[in-house]
Amino acid sequence: MEQFKNILFVSCSGQEDLAAINRVNQLAMSNQARITLVRVVDELPAAAGYLILKKRLTTLHEAAQTLAQNDLDELASHIDPTLKVETRILVGKPFIEIIRAVLSHSHDLIIKPKQAVVKEPALDSTDLHLLRKCPCPVWIIKPSQRKPFGKILIAVDPDPADPQRLSLHAELIKLGTSLAKSEQGKVEVVHIWDLQGATTLRGPRFNLSDAEIVAMTNEMQATRQKQLAELLAPYAASRIKTSLVQGDPGPTLVRLIEKRKPDIVVMGTVART
């Protein structure tokens, strides 16, 4: 994880912050990185201007920012004094303002505590927006996360025909193995695949036999195994466990995570570009 030099920590207030701030401190110490602590304060609804005097409205907004700044100052006191720390209050829609901060200040990593939601263990909308749209890696940490990160699961889907996609998954391996090295943890790389259109191939249009479908499936599996081996070739001496699992990627990965119970999952998101 030595590549991160400009870390953005998104404060959510309360115990969620305290559970994640130590991780920021440790990572920044090992990288001699600078840290920016931010809290996003929502804009007051436009309709509030009709219900509350403008002066009173301004006072309420300033009070909210003051409370947020106090929280950030308290968080900053948990950071090692040798590190460069900055605090900043942002105003607006959280995920938009956070991404704007990343772009304008060239942050290379966001660390953010997972916010509580009604339907655990789902992520809230801000976390989902960041994972899908943020231009830098996003690390969501559960408040209950035990330390160190002893079990690291890296989910990959390499394709040698797509250089951009292949580059992404090479970066995931690099991130996961680097974290494992700093945490003295173990890595498992999983690739979930399936023979797409198998039902159609059995249908009247193609009318392939079961034996032909099995042969195609075996050939696909061998191809995916080779692609995974090529992706991991630079780490041949690292004793990385690999799992090649057939199934629908989304639900199959969820079931695998529930079974393996890793401390952290490293993966790409929908917005690969």
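Here is a short report on the structure shown in this document.

Each value, and the rule that gives it
- Residues numbered from 1 in each chain as written.
- Predicted model: local features only at pLDDT ≥ 70, side-chain atom pairs only at ≥ 80, totals over all residues.
- Heavy atoms only, no water.
- Helix = DSSP H or I, 4+ residues; strand = E, 2+ residues; numbered from the N terminus.
- Buried < 20%, exposed > 50% of the residue type's maximum accessible area, 1.4 Å probe, protein only.
- Contact = heavy atoms within 4.5 Å.
- Areas by Shrake-Rupley, 256 points an atom, 1.4 Å probe, with all protein chains shown as cover.
- 1 Å grid on protein atoms, 1.4 Å probe; cavity = no way out; pocket = protein on both sides within 12 Å on 5 of 7 lines; lining within 4 Å.
- Points joined across faces, edges and corners; volume = space filled by probe spheres on them.
- Nonpolar A, V, L, I, M, F, W, Y, C, P; charged D, E, K, R; others polar.
- Pairing = 2+ DSSP bridges.
- Axes fitted to C-alpha atoms, helices over the stretch in contact; angles between N-to-C directions.
- Salt bridge = Lys/Arg side-chain N within 4 Å of Asp/Glu carboxyl O.
- Phe/Tyr/Trp six-rings, centres within 6.5 Å; stacked < 30°, edge-to-face > 60°.

1. What about the overall build of the chain?
Broken down by element type, the chain carries 9 helices and 9 strands. Per-residue burial for the chain yields a buried fraction of 40% across its 273 residues. The long-range fraction of contacts in the chain, counting pairs at least 24 apart against all pairs at least 6 apart in sequence, stands at 74%. Roughly 15,800 Å² of accessible area belongs to the chain as shown, and the carbon and sulfur atoms make up 54% of that amount.

2. With respect to the layout of surface pockets
Estimates place the volume of the second largest pocket at around 150 Å³. What lines the second largest pocket is simply Lys151, Ile152, Leu153, Lys186, Val187, Glu188, Arg239, Lys241, Arg260 and Pro262. Secondary structure elements with two or more residues in the lining of the second largest pocket: strand 6 (151-155) and strand 7 (186-193). When grouped by side-chain class, the residues that make up the lining of the second largest pocket number 4 nonpolar, no polar and 6 charged.

3. Quick notes on the sheet that holds strand 6
An order of 8-7-6-9 is seen for the 4 strands of this open sheet, with the pairing classed as parallel. Each edge of the open sheet is held by one strand with a lone partner, namely strand 8 (241-246) and strand 9 (264-266). Within the sheet, the average angular offset between the axes of one strand and its neighbour, ignoring direction, is 25°. Both strand 6 and strand 9 contribute to a ladder of 3 bridges, which runs parallel. Looking at strand 9, one finds that Ile152 is bridged to Ile264. Of the strands in this sheet, strand 6, strand 7 and strand 9 touch helix 6 (residues 163-183), which is tilted by about 175° from strand 6.

4. Details of the pattern of salt bridges
Inspection of the entire model under this criterion finds 8 salt bridges. Between Asp157 and Arg165 there is a salt bridge; the shortest N-O distance is 2.1 Å. Between Glu188 and Arg260 there is a salt bridge, with its nearest N and O atoms 2.9 Å apart. Here Arg260 lies in helix 9 (residues 249-260) and Glu188 lies in strand 7, a separation of 72 residues in the sequence. On the basis of relative accessible area, Glu188 is assigned to the buried category, the value being 9%.

5. Let's talk about the packing of aromatic side chains
Considering all chains together, one arrives at 1 aromatic pair under this definition. Considering the side-chain rings of Trp139 and Phe149, the 5.7 Å spacing of their centres and the 55° angle between planes classify their relative orientation as tilted. With Trp139 in strand 5 (residues 138-141) and Phe149 in the loop between strand 5 and strand 6, the pair connects residues that are 10 residues apart, well separated along the chain. Each member of the pair Trp139 and Phe149 is classed as buried.

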